[in-house]
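# Structural features, examined
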Amino acid sequence: MRRIGTACLVLLTFLAVCCLWKGGTVEAAPQRIEATGVYVMGDNDSPKIARDAARQEAMRVAVEKAGVYVESYSRTKNMQLTEDDVKMISGAVLKVIKEDSVPELSGTTWKYTVHLVAEVDTDDIDLKAMMDKKTELEKLQQERDALKKQNEELLAEYQKANGQEKKRLGTRLESSYDYEKIFDRSMGYIQRSEYTRAIDELTTLIEDRSVKGNPRAYAYYLRGRAYYGLNRPHDALEDFSMANNTDHDNTTYPIWRCHQYEGLIYYDEGRYDEAVRELEIAWNYSDKRDRALADDLRTARMAAERAKNPPPEPQQESGSEDNGRINWTKILTDVIIHSIDKGSNG
């Protein structure tokens, strides 16, 4: 009986190991991250602004913590990532699964505390694939960082303002926080190649007719980016056109990048003059420091020039080859003519 019990124990242990083992490696459980952000309210501060400012701080902390796991995971894959690479990937793979917001009175001052529970699933991270499309991911990360920075600067102005100016800035800041959550989430989906989720998120915003101006134009632009990632150029061009035709000023969001992606699509379709036109518009809007954009424009210009002035075709030597094939007809004709001439002379 003891032998049977021991054998059963060994079998159960073996089966348990087999369940944990997949493809030669044990699957790691998603790493759980908790982060907290606090905002102390000043006189006449909006509770909504306080909550969202605390959330933004909690997200910053969460991304930093996610970076520790991403960097550690990269070392197991023998990949060396820069600090910017770690930040970019961390922001993309971090998934918030729970969020709590608590207002509390501390003495005579109200403060908001936001607690986030998030996950980083290293089994879902394809570092090589992400680094292969690093340029595209970097653009999105730069846009995400720029939007956060704008909100931080706007919050600093709001905290210093009084009276009607504070009210005006507060209204603007509340709207900015609302849209940033949607846009930031959508950009994360695009970075992780979850294009359909991004499209669903942005379509909900676009269908809200109360959303106008810059946010509406940017929603069209981001949805176009998602369609571009899905290799649906017609849908992407349609959204880029809608973004361009929606009233906007390119100050809050870089909607001018529509022209960059339109140029890339036209280039892929062999419409080089149109590609140059759109890429030049994008370049003129840019800060003239975008190396990828400069390279795209230079490549498009060269292609357009070649299309207008194709190089002359190389001359083929008579009687030898025609596109790699021996011209037997010409050889036989020359032989016959030579034989006739020889017979006549004889």
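From a predicted model like this one, the values you see are computed outputs, not experimental measurements.

Another point: the packing of aromatic side chains. Counted by the stated rule, this structure contains nine aromatic pairs. When the centroid spacing of 6.3 Å and the interplanar angle of 25° are considered together, the rings of Tyr179 and Phe183 count as stacked. Of this pair, Tyr179 and Phe183 both sit in helix H6 (residues 163–191), four residues apart, roughly one helical turn. For Tyr179, a relative accessible area of 17% puts it in the buried group. In textbook terms, an aromatic cluster arises when at least three aromatic residues are bridged by ring pairs, as seen for Tyr179, Phe183, Tyr218, Tyr221, Tyr228, Phe240, Tyr253 and Tyr261. We note Lys166 situated over the ring of Tyr158; from NZ or CZ to the ring centre the distance is 4.2 Å.

Looking now at the sheet that holds strand E5 (residues 109–120). With respect to topology, three strands assemble into an open sheet ordered E3-E5-E4, the strand pairing being antiparallel. Taken across any chain shown, the strands that pair with only one partner, and hence form the sheet edges, are strand E3 (31–40) and strand E4 (95–106). Recorded for the sheet is a direction-independent mean angle of 15° between the axes of neighbouring strands. Here E3 pairs with E5 via ten bridges, running antiparallel. Directly across from Arg32, in E5, lies its bridge partner Glu119. Strand contacts of helix H2 (residues 47–76): E3, E4 and E5, with the helix running at about 145° to E3, the strand carrying the most contacts.

Analysis parameters
- Throughout, residues of each chain are indexed from 1 in the direction in which the sequence is written.
- Restriction of local features to residues with pLDDT of at least 70 applies here, the model being predicted, together with a cutoff of 80 or more for giving and counting side-chain atom pairs; totals for whole chains, interfaces and linings are based on all residues.
- To get the side-chain values, take all heavy atoms of the structure and skip hydrogens and water.
- For Phe, Tyr and Trp, where Trp contributes only its six-membered ring, two rings pair if their centres lie within 6.5 Å, and the inter-plane angle classes them as stacked under 30 degrees, edge-to-face over 60, or tilted in between.
- Put simply, DSSP marks the helices as runs of H or I at least four residues long and the strands as runs of E at least two long, and each gets a number from the N terminus on.
- Using a 1.4 Å probe on the protein chains alone, a residue whose accessible area is under 20% of its type maximum counts as buried, one over 50% counts as exposed, and one in between counts as partly exposed.
- Only Lys NZ and Arg CZ are tested; either one counts as a charge over a ring when it is within 6 Å of the ring centre and within 35 degrees of the ring normal.
- For two strands to be treated as a pair, DSSP must find no fewer than two bridges joining them.
- Note on geometry: axes are C-alpha line fits, over the in-contact stretch for helices, and angles between N-to-C directions span 0 to 180 degrees.
- Note on contacts: a residue pair qualifies if any of its non-hydrogen atoms lie within 4.5 Å across the two residues.

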